[in-house]
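# Secondary and tertiary structure notes
Here is how the chains run, residue by residue.
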Amino acid sequence: MSDPSRRGVLRLSAGTALLGTLALSGCGRGDTATATAKATAKSIDDKPATGTVNVWAAQGDADVLDKVIKPFKAANPDVTVKFTLIPNAEYYTKLQAAIAAGKGPDVAQFFPESQAQFLDPSILRPVPDGLVDSGAFFTSLWDAGLVKDVAYTVPWYAYTYALVYRADLAKKAGVTAPTTWADMVPFFKALKGAGAVHGLGADNGWDIFNGQDVAMYAWQAGGNLLSSGGSWTLDTPEMVDALKYNASFFTSGSADTATPTFLDAQPYFVSGRTATMITGPWVLGQLDTAAKKTGWTAAHVATAPLPAGSSGSVSFSAGGTWGVLADSGNTDASWKFVRYVSKPSTQVAQYSAYGSLPAVISAWDAPAVKKQPLLDAFLTQLKNTKAFPQVGTWQQVATRLGKEVETVAKGTQTAEKAAASIQAYAKSLGTGAE
Amino acid sequence: MTTTLVPAARRRARNSRRTAVAWLFLAPFAVVFLLYTAIPTVAALGFSLTDLRGSDLRHPLAVDFTGLDNYLRLFQDPTFLRDILNTGVFVAVGVPLTMAIGFALAVALNSGIRRLRGVFRTVFFAPVVTNVVAVALIWQYAFNAGGTVNKALAHVGLAGPNWLDDPHLAMPVVILLGVWRNFGTAMVLFLAGLQAVPEDVYEAAALDGAGRWRQLRHITLPLLLPTTLMVSVLLTVFYLQVFDEPYLLTDGGPLGSTESVSLYTYHQFGSGQLGMSSAASFVMLLLVLLVSVVQFRLLRPRT
């Protein structure tokens, strides 16, 4: 890397400050800028792509992408696609700094659950009309990239949470998967009666993930995290219900606050020390390894959509998306790359190579995906998901919510007080859009 | 006296040349100090007197001057008061424990096992130079519900708790990591102090019939007072600012039982409360200053 010039350093400093400010202030979206952005989103033709496309992605699902897009490179011989894979934990930091310095890639991967800070015409180009069929994707994943009806990202892979449980123990206990909140604790107790030490292996990080879980339960109870006017609505009876529901797993003895950390979660499940997980689909591919036996998962595990609260079985949507940066010098080839990656056939190839579940609904009909019966519950759930609030302060609020969840689960604070506390905190932060 | 023979003008020229050279050597440090310590400290003092929040960075001129409001809010915040108490526990338990282990090992290395001193010094100093993130990950794994510690306890028929999830047990584990990381520094400093004590003093005392305990009490300890002062101040400042250990092991949990003032400052900053965060960091600075001055006064060798 060449030495940065003085101008470059100044630009980096100013840009980082500006981007940080934009991130903190909900990007300062103006109606004029949005309208202009929409007007500049020209359609992309079918001619072969040319030039170089620099792609940045987080390590993980993108590790295999270079191989997956081989047909794209073959059909577009004059294009060079250069991948830069960055460790997950540093990804957004590096991307933010690069964008601020004007040295970002042409195409970047984002996460629909935390991409709000980037959805701005000064950072990303609007998705050109007709590039993809927005109705082909799971709704909440597409919606996560929308600001004032302008789409900035195209979904790539999808995941959500569902119930993953020990089918053998459920059969022994003579119970079926719970379908409502009221069924949950009796189900866990039945699994315990069938030999499990705990019915539920609960996540006890007391962090952003616990906050997200409870946000999901609040939706199931009929609540909303933001009002239609865009202000926080966390001190609600629905949030109180959600906190109590989550705490009931611990107070009933179904789950232990001394459950294992993530390193032990799967060995515990395989050994029967826990019998249920509320988790994502990636776990399914890891249980055979934990059991050290091929076919263990198929013989011992079942999945089910999350039990419904008074407002149904809602989960959250997450995964990966793609955006083309405003500073890109090769937008034509960049969009052609994004279009290719979002094709159902490419998404099936990506699933076969890495297990990334398609964000395009029709790709789930491909035999490679369809022949996996344990994924059915995740497909059902993905059709009933919501996106987390697309505001700059959501991650801070969810992290704090995770800490409040701990106090209720351990009985040191009532659910009502915790809800009031999280509302006061969120209100003091704002949404970043004020 | 030779200086009186040098003409005043030449002396002044030489002095100013020396001063310039001194400044030249000081310049790199001075620049770094100004940029990364002095200016941010002054800025933080300014921020602490305003209601600055993350979202205000867009309109810095619209920030209101709130005087001591942030400080008043801090001392009305039960979380902050709890964190001051937690930090006090870190200091009250961590400092004496680290010093005692460091001193005991230094005495042992200085007397009984001189031939293997190099080896032991390296072994005991290793935690000081080991990457704290890697160490914290290992400790986290060792102390979780199914971790190494509980597996060892299971061998003797004991069911171990989930150490880092219990508000009463997490703090001892976090302090233990701090002690483990720091006793090597204390040991090396005490060892240097012990080696500076002249042998003939001990020989004279031995001839007068003083046993090992009397030698330790009446020779070693008084002569080691300057070293003790330095070690205690260093460790107190470290434990007052303790951050890595609670951040990496527990992030201040469970239920805030291991959150230090530094971690409070960090969490406030992360949630965009820049004014409050600056005020908290200033309170910590004053606390460190106060404790250091008191220690210097109490432990200063009397001449």
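Just so you know, these numbers come straight off a predicted model, no measurement behind them. (Residues numbered from 1 in each chain as written. Chains lettered and ligands numbered in written order. Predicted model: local features only at pLDDT ≥ 70, side-chain atom pairs only at ≥ 80, totals over all residues. Heavy atoms only, no water.)

On to the overall build of chain B, then. From N to C terminus, chain B includes 13 helices and zero strands. The globule rule puts the C-alpha radius of gyration for 303 residues at 19 Å, and the 25 Å found for chain B is more than 25% above it. Structurally, chain B occupies a C-alpha span of about 80 × 70 × 30 Å along its principal axes. Pairs at least 24 apart in sequence give 69% of the contacts found in chain B among residues at least 6 apart. Roughly 17,400 Å² of accessible area belongs to chain B as shown, and the carbon and sulfur atoms make up 70% of that amount. Side-chain charges of chain B comprise 22 positive and 16 negative groups, with the mean position of each set lying 18 Å from the other. (Helix = DSSP H or I, 4+ residues; strand = E, 2+ residues; numbered from the N terminus. Rg over C-alpha atoms; globule rule 2.2 N^0.38 Å. Contact = heavy atoms within 4.5 Å. Areas by Shrake-Rupley, 256 points an atom, 1.4 Å probe, with all protein chains shown as cover. Lys, Arg positive; Asp, Glu negative; His and termini not counted. Charge placed at Lys NZ, Arg CZ, Asp CG, Glu CD.)

As a further point, take the overall build of chain A. Of regular secondary structure, chain A possesses 19 helices and 12 strands. Relative to its full complement of 434 residues, chain A shows a buried share of 55%. Carbon and sulfur atoms make up 54% of the accessible area of chain A, which totals about 17,900 Å². (Buried < 20%, exposed > 50% of the residue type's maximum accessible area, 1.4 Å probe, protein only.)

As a further point, take the sheet that holds strand E11 (residues 318-324) of chain A. Residues and elements named next belong to chain A. Read from one edge of the open sheet, five strands run E2-E1-E3-E11-E6, paired in mixed fashion. A strand with exactly one partner marks an edge of an open sheet, and here the two such strands are strand E2 (79-86) and strand E6 (154-159). The mean inter-strand angle of the sheet, taken between neighbouring strand axes irrespective of direction, is 20°. As judged from the eight bridges shared by strand E1 (residues 51-58) and E2, these two strands associate in the parallel manner. Across the sheet, the residue bridging to Ala-57 is Leu-85, located in E2. (Pairing = 2+ DSSP bridges. Axes fitted to C-alpha atoms, helices over the stretch in contact; angles between N-to-C directions.)

Here the focus is the nonpolar core. Ranked by size, the top nonpolar core spans 139 residues in total, and within it Phe-249, Ile-278 and Phe-337 of chain A carry the most contacts. The element contributing the most residues to this core is helix H10 (residues 237-251) of chain A, with eight residues. The residues contacting Phe-337 of chain A, other than those within four sequence positions of it, are Val-55, Leu-65, Ile-69, Phe-72, Val-81, Phe-83 and Val-107 of chain A. The next biggest cluster of nonpolar side chains, apart from the first, holds 36 residues, and it includes Val-95, Trp-139, Leu-164 and Met-171 of chain B. (Core = buried A, V, L, I, M, F, W, Y, C linked by side-chain atoms within 4.5 Å.)

Further remarks concern the pattern of salt bridges. This structure, assessed with the given rule, holds 16 salt bridges over all chains. Where Asp-168 of chain A meets Arg-166 of chain A, a salt bridge forms, and the shortest distance between an N and an O atom there is 2.8 Å. Taking the relative accessible area as the measure of exposure, Asp-168 of chain A reaches 25% and is therefore partly exposed. Given a relative accessible area of 7%, Arg-166 of chain A falls into the buried group. The partner of Asp-165 of chain B in a salt bridge is Lys-410 of chain A, with the nearest N and O atoms 3.2 Å apart. Taken together, the residues span two chains, with Asp-165 of chain B in the loop between helix H6 (148-155) and helix H7 (170-195) and Lys-410 of chain A in the loop between helix H18 (394-409) and helix H19 (415-429). Take Asp-165 of chain B: its relative accessible area is 9%, and that puts it in the buried class. (Salt bridge = Lys/Arg side-chain N within 4 Å of Asp/Glu carboxyl O.)

Turning our eyes to something else, we now look at a positive patch on the surface. Where like charges cluster on the molecular surface, the positive patch consists of Arg-10, Arg-14, Arg-17 and Arg-18 of chain B. Within the secondary structure, Arg-18 of chain B sits in helix H1 (residues 8-47). (Patch = residues over 30% accessible without salt bridge, like charges linked within 9 Å, V, L, I, M, F, W, Y side chains within 5 Å.)

Attention now moves to H18 of chain A. Residue and element names in this part refer to chain A. Taking 1.5 Å per residue as the helical rise, H18 with its 16 residues ought to reach 22 Å, and the 22 Å between its terminal C-alpha atoms agrees with that figure. Of the surrounding secondary structure, the elements contacted by the buried residues of H18 are helix H9 (208-220), H10 and H19. The positive-phi residue at the C-terminal boundary of H18 is Gly-411, with phi of around 75°. (Expected span 1.5 Å × (residues − 1).)

Mean pLDDT over chain A stands at 87; residues scoring 70 or higher make up 89%. In this model, residues 1-30 of chain A is a region of pLDDT below 50 whose contacts with residues beyond four sequence positions or in other chains number 41 contacts. (pLDDT = per-residue confidence, 0-100.)

The next point concerns the sheet that holds strand E7 (residues 162-166) of chain A. Residue and element names in this part refer to chain A. Reading across the sheet, the three strands line up as E8-E7-E9 and stay open at both edges, with antiparallel pairing between neighbours. Edge strands, defined here as strands with exactly one partner in the open sheet, are strand E8 (276-279) and strand E9 (301-304). Across this sheet, the average inter-strand angle for adjacent strands is 25°, counted without regard to direction. Pairing analysis gives four bridges linking E7 to E9, with the strands arranged antiparallel. By the bridge assignment, Leu-163 is partnered in E9 with Ala-304.

All names here are of chain A. The alternating pattern of E8 places Thr-276 and Ile-278 on one face and Met-277 and Thr-279 on the opposite face, and all of these are buried. Bridge count for E7 against E8 is four bridges, and the pairing is antiparallel. The residue of E8 that forms the bridge with Leu-163 is Ile-278.

Residues and elements named next belong to chain A. Here Val-147 is to be found in strand E4 (residues 146-147). For Val-147, a relative accessible area of 10% gives the class buried. Note: C-alpha distance between Val-147 and Tyr-217 (70 residues apart in sequence) is 25 Å.

Let us look at the side chain of Thr-274 of chain A. Along the chain, Thr-274 of chain A turns up in the loop between helix H11 (262-271) and E8. A polar atom in the side chain of Thr-274 of chain A sits 3.5 Å from the backbone nitrogen of Phe-269 of chain A. (Polar contact = N/O pair within 3.5 Å; in protein donor to acceptor, adjacent residues only side chain to side chain.)

Two aromatic rings, taken as a pair, are described by how far apart their centres are and by the angle between their planes. On inspection of all chains with the given rule, the structure shows 41 aromatic pairs over all chains. Look at Trp-139 of chain B and Trp-180 of chain B: their rings are 5.9 Å apart centre to centre, the planes differ by 50°, and that puts the pair in the tilted class. Note that Trp-139 of chain B is positioned in helix H5 (residues 132-143) and Trp-180 of chain B in helix H7, a separation of 41 residues in sequence. The class for Trp-139 of chain B is buried, based on a relative accessible area of 13%. A residue is classified by how much of its surface remains accessible, and Trp-180 of chain B, at 31% relative accessible area, is partly exposed. Judged by centre distance (5.1 Å) and plane angle (85°), the rings of Phe-238 of chain B and Tyr-239 of chain B are edge-to-face. Grouping aromatic residues by their ring pairs yields a cluster made of Tyr-159, Tyr-161, Trp-219, Trp-232, Trp-282, Phe-316, Phe-388 and Trp-394 of chain A. The lysine or arginine in question, Arg-273 of chain A, covers the ring of Tyr-268 of chain A, its NZ or CZ lying 4.1 Å from the ring centre. In this structure, Arg-400 of chain A packs its charged tip against the face of Tyr-425 of chain A, placed 4.5 Å from the ring centre. (Phe/Tyr/Trp six-rings, centres within 6.5 Å; stacked < 30°, edge-to-face > 60°. Lys NZ or Arg CZ within 6 Å of the ring centre and 35° of its normal.)

Let's shift gears to the confidence of the model for chain B. Here chain B averages 87 in pLDDT, and 93% of its residues register 70 or above. Predicted complex metrics record ipTM = 0.71 and pTM = 0.78.

Turning our eyes to something else, we now look at the side chain of Arg-166 of chain A. Residue and element names in this part refer to chain A. Position of Arg-166 relative to the elements: it lies in strand E7. Here the side chain of Arg-166 touches Asp-168 through a polar contact of 2.8 Å, side chain to side chain. The contact partners of Arg-166, leaving out residues within four places of it in the chain, are Leu-191, Phe-269, Val-270, Ser-271, Gly-272, Thr-274, Ala-275, Trp-296 and His-300.

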